[in-house]
Amino acid sequence: MSEKKKKQRVSPAEVLRNNTVPLMFIVICAICIPLSGFSPSYLFNEIVTRIGRNTFLILSLLIPIMAGMGLNFGMTLGAMAGEIGLILVCDWQIVGIPAMVLAVIISLPIAVLLGWFCGTILNMAKGREMITSYIMSFFMNGIYQLVVLYMMGSIIPIRHSNIKLPRGYGIRNTVSLLRMRQKLDKLIPLKIFGADIPVMTFIIIALLCFFIIWFRKTKLGQDMRAVGQDMEVAKDAGINVERTRIISIVISTILADIGMVIYLQNMGNFATYSSHSQIGMFCIAALLVGGASVDRASIGNVFLGVTLFHMMFIVAPAAGAKITGDSMIGEYFRVFASYAVITIALVMYETKKRRARSATGQQLALEQQREQEAA
Amino acid sequence: MNENTIEKKGIKETLSDALKSFGLPRIIIAGFLLLLYIMAPIVGADLPTQITNTINRFSWNAIMVLAMVPMVHSGCGLNFGLPLGIISGLLGATLSIEFGFTGGFSFVMAILLATPFALLLGTGYGWLLNKIKGGEMMIATYVGFSSVSFMCMMWLLLPYDSPNMVWGMAGKGLRTTISLEGYYDQALASILQIKIGNFEIPTGTLLFFALFAFAIWAFLHTKTGTAMTAVGSNPVFARASGINVDKMRLLSVVMSTWLAAIGILVYEQGFGFIQLYMAPFYMALPAVSAILIGGASVNKASIANVIIGTFLFQGIVTMTPTVMNNMVHMDMSEVVRIIVSQGMILYALTRKTEATR
Amino acid sequence: MNTKRTFFFRVALILLLVIIAALMFIIGRGHTVYFDNKAIEYNGQSIETPYKIEVTVKDERVAKLYDGERGMTDTMGQSFSMIVEITQEKGGDPVAHAVSLALPYSMDGIILNIPAMMAGLPADAYLTEFIPTPDTETEDEDVVTDEFATDEFSI
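K.L.:
Help me understand helix 14 (residues 333-350) of chain B, please; the structure alone is not making it clear to me.
P.N.:
Turn by turn, an α-helix covers 3.6 residues, leaving residues three or four places apart pointing in a common direction. When the terminal C-alpha atoms of helix 14 of chain B are compared, their 25 Å separation across 18 residues agrees well with the 26 Å that a helix rising 1.5 Å per residue should span. If you check which residues of helix 14 of chain B are buried, you get Val-335, Ile-338, Val-340, Ser-341, Gln-342, Gly-343, Met-344, Ile-345, Leu-346, Tyr-347, Ala-348 and Leu-349 of chain B. Buried residues along helix 14 of chain B sit against helix 7 (96-123) and helix 8 (129-151) of chain A together with helix 2 (24-42), helix 12 (284-293) and helix 13 (303-328) of chain B.

What follows is the structure, given as structure tokens:
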């Protein structure tokens with residue numbers, strides 16, 4: 001009902017305003033692509049690889065948005081769980097796709113636990129979910145370092161010296177996943193225009209998309225949307241708000257966990273202490289580039305976002321080097337663009353929220369006035 | 001007898017109230033620091049050196065922590081956008097060197113040159129925060145990040161050419177770290193410095209901080225200052241009593257930004273280097289957690305919180321590596337620092353605050 | 001009733017995951033197999049090396065070994081099959097043998113002495129564990145926990 005109303009009222013200016021970020025990125029890409037001098041086939045190959053690599057992770061952000069908890073910076077927690085699973089699997093010398101499956105299963109309890117913890121904390125910080133989940137990712141990074149840098153090898157047995165630090169405990173800076181590398185992507189080989197298509201990864205992403213579409217229609221999904229709309233109303237309707245919110249974060253963390261395993265099998269190795277720390281930021285930036293906002297995100301946003309964001313990421317350094325003669329400029333530019341996108345999206349969301357609030361306030365005052373006049 | 005029990009209960013209650021207001025995490029952290037100081041001589045660390053280090057680091061960081069106070073008072077929350085102020089300070093520092101000022105005078109000039117940037121950026125930042133009331137902290141964080149990454153490009157592109165600052169080979173683009181030797185290295189610390197064996201006190205820096213702390217304290221007791229506090233504690237009431245809420249908030253943000261600019265300059269004079277590019281990126285977090293450790297909350301902060309908090313935080317930062325290293329030959333200080341500081345911020349964010357908008 | 005059913009489903013799900021995990025442990029175990037073309041002595045019996053040995057695993061030529069040489073391949077799971085082509089004399093015709101064997105789970109690296117294996121000697125004669133030379137590095141690796149230290153922006 002309310003959505004229909006919105007659709008009727010949409011003016012061209014509104015459409016433009018709602019899509020500022022994607023349009024900006026399209027312009028940036030349109031300028032940078034010719035400057036970068038990359039061939040279309042190279043770009044196509046890169047983009048396909050990156051879509052396969054990253055989409056699953058970005059999809060993990062959708063469910064907390066549905067539950068009104070904003071952008072889940074705590075998805076980093078899931079990524080950490082996935083990395084712990086991969087380190088263990090690597091030490092046990094399990095290889096190929098079984099290794100991926102095992103890593104996911106091993107890290108699943110960790111992800112559930114972390115997600116539950118994160119959800120509980122976020123319930124204590126209602127209205128400040130984003131900054132809290134953001135600080136949460138830093139806090140957990142400390143715990144992660146405690147486990148991986150000090151407990152692995154001393155308490156948690158690690159046998160192989162190629163991943164253990166020479167001092168006898170702690171994991172090395174990089175863990176090689178060579179015997180797992182692109183095993184999923186290349187399970188069903190297919191070449192289009194000279195580009196390897198990660199068919200199996202795309203199938204899994206499609207399955208997740210169907211899951212999300214189905215999930216929205218379930219009782220739990222409906223509850224989540226109700227909680228996202230208005231917590232008080234949802235509570236009055238008999239929905240367990242706290243529990244629903246925790247579940248949404250747990251699901252997101254689990255998906256981020258699986259997503260990280262898929263991401264890293266494509267990369268073929270990972271930086272033990274820094275791979276996860278930036279992943280949340282980049283996934284959120286990519287989602288926002290696709291036109292999502294803090295309270296609304298669709299699967300379409302994910303795909304548009306991952307394409308545009310990665311296009312910018314590929315071409316910016318080369319284009320920057322062409323314009324300024326310094327390759328670092330482009331590197332810094334793409335970092336700046338990612339942060340600026342998140343800033344703009346957050347500002348737009350808050351101003352919109354404020355406008356809506358003052359509008360309802362005015363309406364309320366008007367109704368009161370009318371009632372008084374009638375009395 | 002009856003009276004007696006009531007009185008006893010009263011004492012108990014006041015005690016538990018005091019405990020509650022001080023907060024369990026703070027007691028744990030203070031206890032931990034005390035333990036570190038007791039352990040230090042036992043494990044063979046030189047206590048005077050340790051105390052000197054703590055005091056030094058306190059003097060470098062205190063003003064950046066102080067920068068939190070105005071924004072907390074006006075209800076803008078914790079200033080996660082501290083890097084914006086830091087950038088103003090960095091601009092002042094680099095320009096002062098570029099224009100050829102040397103010695104202690106370059107410090108004064110750095111402050112003077114940083115001020116217009118701080119005022120300008122602070123005004124823009126304050127204007128933005130007025131548009132998005134209620135979502136300040138998250139947006140502040142990203143304003144900080146965006147500005148730092150934007151300045152990364154600028155440090156490369158701006159036409160600096162002082163040979164002490166640019167890359168030697170290319171002759172352009174600022175270096176990531178710039179030595180302050182010959183400029184304002186120890187400019188404040190060397191004033192009235194007290195030296196007894198291994199024990200040193202950077203009196204000048206401490207006095208400089210005291211000056212600012214007193215100024216902020218005095219400001220908060222002026223008419224404008226109380227109005228600012230009123231805006232933070234009850235914006236509806238403040239508006240009703242004729243205070244311009246947006247103007248007060250703007251003023252507090254400008255003050256915070258300027259203090260951050262001064263704060264980074266003081267930090268540099270103690271540290272001896274200017275750090276550019278990604279260095280200011282996470283500088284807000286230690287300052288935020290320090291003031292929270294000192295007993296502040298998202299909407300309440302005093303000068304005492306700043307002093308206690310900076311001391312406790314910097315104490316832990318300096319003491320853990322030495323004690324841990326001497327004790328278990330394992331440098332877990334980084335992990336301890338992350339868990340303590342981020343845990344403290346998490347704790348503060350989950351507290352129910354009186355004035356939730 | 002309903003809670004009972006949910007409980008049952010949860011237990012079944014956890015059980016299923018555990019079973020899959022156990023399965024993965026078995027089928028996903030990776031080994032590195034090394035092939036030697038070296039002469040050995042076993043119980044007084046001495047085995048001579050052929051002129052050339054070629055090893056094919058899953059239609060891929062993984063090793064071509066002359067006297068005294070060693071080749072290697074990575075494999076997954078405990079059952080390992082390969083085609084060994086032996087050329088006894090220079091210029092002679094190669095003779096192909098299909099060989100399948102079970103690899104011991106506990107060994108990461110396994111050395112197969114092909115001549116001994118082809119001569120029909122027992123497993124302990126031709127199968128030995130490959131033990132990598134212990135690390136001689138004494139210097140500790142510096143752990144980098146700083147986010148900006150690596151090229152993490154190249155996602």
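K.L.:
Help me understand helix 9 (residues 223-233) of chain B in this model?
P.N.:
All of the buried residues along helix 9 of chain B are Ala-227, Met-228, Thr-229, Ala-230, Val-231 and Gly-232 of chain B. Of the surrounding elements, those touching the buried residues of helix 9 of chain B are helix 4 (68-73), helix 8 (203-220), helix 10 (235-240) and helix 11 (245-271) of chain B.

K.L.:
Where do I start with the sheet that holds strand 4 (residues 52-57) of chain C in this structure?
P.N.:
Two orientations exist for strands paired in a sheet by backbone hydrogen bonds: parallel and antiparallel. Residues and elements named next belong to chain C. With antiparallel pairing, four strands are arranged side by side in an open sheet as 5-4-7-8. The sheet is open, and its two edges are formed by strand 5 (60-66) and strand 8 (95-102), each paired on a single side. Ignoring strand direction, the axes of neighbouring strands in this sheet form an average angle of 25°. For strand 4 and strand 7 (residues 79-87), the ladder comprises five bridges, and the chain directions are antiparallel. Bridge assignment links Ile-53 to a residue of strand 7, and that residue is Ile-86.

K.L.:
How should the interface of chain A and chain B be read in this particular structure?
P.N.:
Size of an interface, as often reported, equals the accessible area lost when the parts are brought together. Listed as interface residues are 36 residues of chain A and, on the opposing side, 32 residues of chain B. The element best represented in the side of chain A that touches chain B is helix 15 (residues 327-374) of chain A, accounting for 15 residues. Its residues placed into classes, the side of chain A that touches chain B shows 24 nonpolar, eight polar and four charged.

K.L.:
Would you mind showing me how to read the packing of helix 15 of chain A against helix 7 (residues 136-157) of chain B here?
P.N.:
Any two packed helices are characterised by how steeply their axes cross, that is the angle between the axes, and by the distance between the axes. Their axes nearest at 8 Å, the elements helix 15 of chain A and helix 7 of chain B cross at an angle of 155°. The angle between the axes of helix 15 of chain A and helix 7 of chain B places the two elements in the roughly antiparallel class. Two packed elements cross with a definite hand, and for helix 15 of chain A against helix 7 of chain B that hand is left-handed. Looking at the contact of helix 15 of chain A with helix 7 of chain B residue by residue, the class counts come to 20 nonpolar, three polar and one charged.

K.L.:
Before we go on, may I ask you to explain the sheet that holds strand 6 (residues 70-76) of chain C in this structure?
P.N.:
Residue and element names in this part refer to chain C. Spatial ordering of the open sheet is given by 6-1-9-10, a layout of four strands whose pairing is mixed. Edge strands, defined here as strands with exactly one partner in the open sheet, are strand 6 and strand 10 (127-129). Sheet twist, expressed as the average angle between the axes of neighbouring strands with direction ignored, equals 25°. Relative to strand 10, strand 9 (residues 109-113) runs antiparallel, the two being bridged by three bridges. Bridge pairing in strand 10 places Ile-111 opposite Thr-128.

K.L.:
Would you explain the environment of Gly-122 of chain B in this entry?
P.N.:
All names here are of chain B. Examined against the element boundaries, Gly-122 turns out to sit in helix 6 (residues 103-131). Judged by the 26 C-beta atoms lying within 10 Å of it, Gly-122 falls in the buried class. When the C-alpha atoms of Gly-122 and Ser-256 are compared, they prove to be 7.9 Å apart, with 134 residues separating the residues in sequence. In contact with Gly-122, not counting residues within four places along its chain, are Val-253, Val-254, Thr-257 and Trp-258.

Cut-offs used in this document
- Residues numbered from 1 in each chain as written.
- Chains lettered and ligands numbered in written order.
- Predicted model: local features only at pLDDT ≥ 70, side-chain atom pairs only at ≥ 80, totals over all residues.
- Helix = DSSP H or I, 4+ residues; strand = E, 2+ residues; numbered from the N terminus.
- Expected span 1.5 Å × (residues − 1).
- Buried ≥ 20, exposed ≤ 12 C-beta atoms within 10 Å, placed from the backbone.
- Contact = placed C-beta atoms within 7 Å.
- Pairing = 2+ DSSP bridges.
- Axes fitted to C-alpha atoms, helices over the stretch in contact; angles between N-to-C directions.
- Nonpolar A, V, L, I, M, F, W, Y, C, P; charged D, E, K, R; others polar.
- Parallel < 35°, antiparallel > 145°, perpendicular 65-115°, else oblique.
- Left-handed = near helix turned anticlockwise from the far one by under 90°.

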